[in-house]
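Report on the structure
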Amino acid sequence: MTVYFIGAGPGDPELITVKGQRLIRRCPVIIYAGSLVPDAVLEGHTAHQVHNSAELHLQQIIELMRQAHDRGEDVARVHSGDPGLYGAIGEQIRCLREHGIDYQIIPGVTATAACAALLGVELTLPDVAQTVILTRYGDKSPMPPGESLGSLARHGATLAIHLGVKNLDRIVAELLPSYGADCPVAVIHKASWPDQDFVLGTLADIQLKVAAKDFRRSALILVGHVLHTDSFADSALYRAGHAHLYRS
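Residues numbered from 1 in each chain as written. Predicted model: local features only at pLDDT ≥ 70, side-chain atom pairs only at ≥ 80, totals over all residues. Heavy atoms only, no water.

- Per an unreviewed UniProt entry, the protein is named Precorrin-4 C(11)-methyltransferase, and its organism is Pseudomonas baltica.
- The UniProt entry for the protein carries the following comment under Pathway (unreviewed entry): "Cofactor biosynthesis; adenosylcobalamin biosynthesis."
- The heading Sequence similarities (unreviewed entry) in the UniProt record of the protein holds the text "Belongs to the precorrin methyltransferase family." (UniProt positions renumbered as here; feature names shortened; annotations may be inferred.)

Encoded structure:
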């Protein structure tokens, strides 16, 4: 018996991995994050138990897994995006270890990847940014030491900020000293869902643009000059005259 933590992707039911889809259709028990995972992800399942974890607390979720373990039944624990990023699986894994229950993590497409696809950009460009920092805004719970937005901003990397649109004014204030008012910013609402939408602006005007759209939740903030520039060098990978293992 195994509990499979499956990344369902950012919303589009076709952005789940083949392995994740196969496990959902095979496992006798499904526990899925119903507030973020569309029902279409579960199509074709043969489970005799399907539970929406949005209605449950941690102990109830673990109890369902423990009962399945006693019956020898695999569990598809379906999370949005990639379960290794803001999936709250760490606390579940800790409990499973205490009960001696096996688990595996099946990666998924991240919200950041879906946002980059929607915008039609590459988040790492030569001479512009070769680092992407995925973080969140410390609102309900504080950030660890050294991980404030102001500290991260000093790297000048591409930033992907989760759970922050309600505090966009504070985020802008923390980023301005390092990125400057003309730095491009995109706020993407429900990337890859049927009602996906976004606004593209700068740190100087993004608050007004987001207010006009009335984005209040389920939005990701991307910050960095990679979002709007053609001033970068070609990569070495496809550069004529650059030899590597597969091209002399």
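Still more ground to cover, so stick around.
Things to note about the packing of helix H6 (residues 168-179) against helix H7 (residues 206-213)
- Put simply, H6 and H7 touch, their axes get as near as 10 Å, and they point 160° apart. One finds that H6 runs roughly antiparallel with respect to H7. The way H6 lies across H7 gives a crossing that is right-handed. Facing Leu168, Asp169 and Val172 of H6, the residues of H7 in contact are Ile206, Gln207 and Val210. (Axes fitted to C-alpha atoms, helices over the stretch in contact; angles between N-to-C directions. Helix = DSSP H or I, 4+ residues; strand = E, 2+ residues; numbered from the N terminus. Parallel < 35°, antiparallel > 145°, perpendicular 65-115°, else oblique. Left-handed = near helix turned anticlockwise from the far one by under 90°. Contact = heavy atoms within 4.5 Å.)

So, the domain arrangement of the protein
- Domain assignment breaks the protein into domain 1 (3-106) and domain 2 (111-227).
- Taking only C-alpha atoms, the centre of domain 1 and the centre of domain 2 are 29 Å apart.
- Contacts between the two partners involve eight residues from domain 1 and, on the opposite side, nine residues from domain 2.
- Note on domain 1 versus domain 2: buried area summed over both sides is about 680 Å², and carbon and sulfur give 68% of it. (Domains from an automatic or database assignment. Buried area = accessible area lost by both parts, 1.4 Å probe.)

Quick look at the packing of helix H2 (residues 58-71) against helix H3 (residues 90-99)
- Where H2 contacts H3, the two axes come as close as 11 Å, and the packing angle between them is 45°. Taken together, the axes of H2 and H3 lie oblique to each other. H2 and H3 meet at a crossing whose hand is right-handed. On H3, the residues touching Leu58, Ile61, Ile62, Met65 and Arg66 of H2 are Glu91, Gln92, Cys95, Leu96 and His99.

Re the pairing of strand S1 (residues 2-7)
- S1 sits mainly inside the fold: six of its six residues count as buried.
- The alternating pattern of S1 places Thr2, Tyr4 and Ile6 and Val3, Phe5 and Gly7 on opposite faces, both of which are buried.
- Sheet topology note: the S1/strand S4 (residues 75-79) ladder contains five bridges and is parallel. Directly across from Phe5, in S4, lies its bridge partner Arg77. (Buried < 20%, exposed > 50% of the residue type's maximum accessible area, 1.4 Å probe, protein only. Pairing = 2+ DSSP bridges.)

Quick word on a nonpolar patch on the surface
- On the surface, Leu85, Tyr86, Val132 and Leu134 cluster together into a nonpolar patch covering about 300 Å² of accessible area.
- Looking at the secondary structure, you find Tyr86 in the loop between S4 and H3. (Patch = residues over 30% accessible without salt bridge, like charges linked within 9 Å, V, L, I, M, F, W, Y side chains within 5 Å. Areas by Shrake-Rupley, 256 points an atom, 1.4 Å probe, with all protein chains shown as cover. Salt bridge = Lys/Arg side-chain N within 4 Å of Asp/Glu carboxyl O.)

Describing the packing of aromatic side chains
- Under the defined criterion, the tally for this structure stands at one aromatic pair.
- In this structure, Lys190 packs its charged tip against the face of Trp193, placed 4.6 Å from the ring centre. (Phe/Tyr/Trp six-rings, centres within 6.5 Å; stacked < 30°, edge-to-face > 60°. Lys NZ or Arg CZ within 6 Å of the ring centre and 35° of its normal.)

Here's the deal with unusual backbone geometry
- Its identity is not glycine, yet Asp127 carries a phi of approximately 75°, on the positive side.
- Tracing the chain through its elements places Asp127 in the loop between helix H4 (111-119) and strand S6 (132-136).
- At Ser192, a position not held by glycine, the phi torsion is positive, near 80°.
- Here Ser192 is to be found in the loop between strand S8 (184-189) and strand S9 (197-202).

Regarding the pairing of strand S2 (residues 29-32)
- Every second residue of S2 is oriented toward a common face, with Val29 and Ile31 on one face and Ile30 and Tyr32 on the other, all of them buried.
- Of the pairings in the sheet, the one linking S2 to strand S3 (residues 49-52) comprises four bridges and is parallel in character. The residue of S3 that forms the bridge with Val29 is Gln49.
- Sheet analysis places S2 next to S4, joined by four bridges and oriented parallel. Note that in S4 the partner of Ile31 across the bridge is Arg77.

Examining the nonpolar core
- Counting 25 residues, the largest nonpolar core has Leu175, Val187 and Val223 as the members making the most contacts within it.
- Listing elements by their share of this core, those giving two or more residues are helix H5 (149-153), strand S7 (158-162), H6, S8, H7 and strand S10 (219-223).
- Looking at this core, the element that brings in the most residues is H6, giving five residues.
- Aside from chain neighbours lying at most four places away, what touches Val187 is Val165, Asp197, Phe198, Val199, Ile206, Val210, Phe215, Ala219, Leu220 and Ile221.
- Counting 17 residues, the second largest nonpolar core, distinct from the first, contains Tyr32, Val41, Ala47 and Ala76. (Core = buried A, V, L, I, M, F, W, Y, C linked by side-chain atoms within 4.5 Å.)

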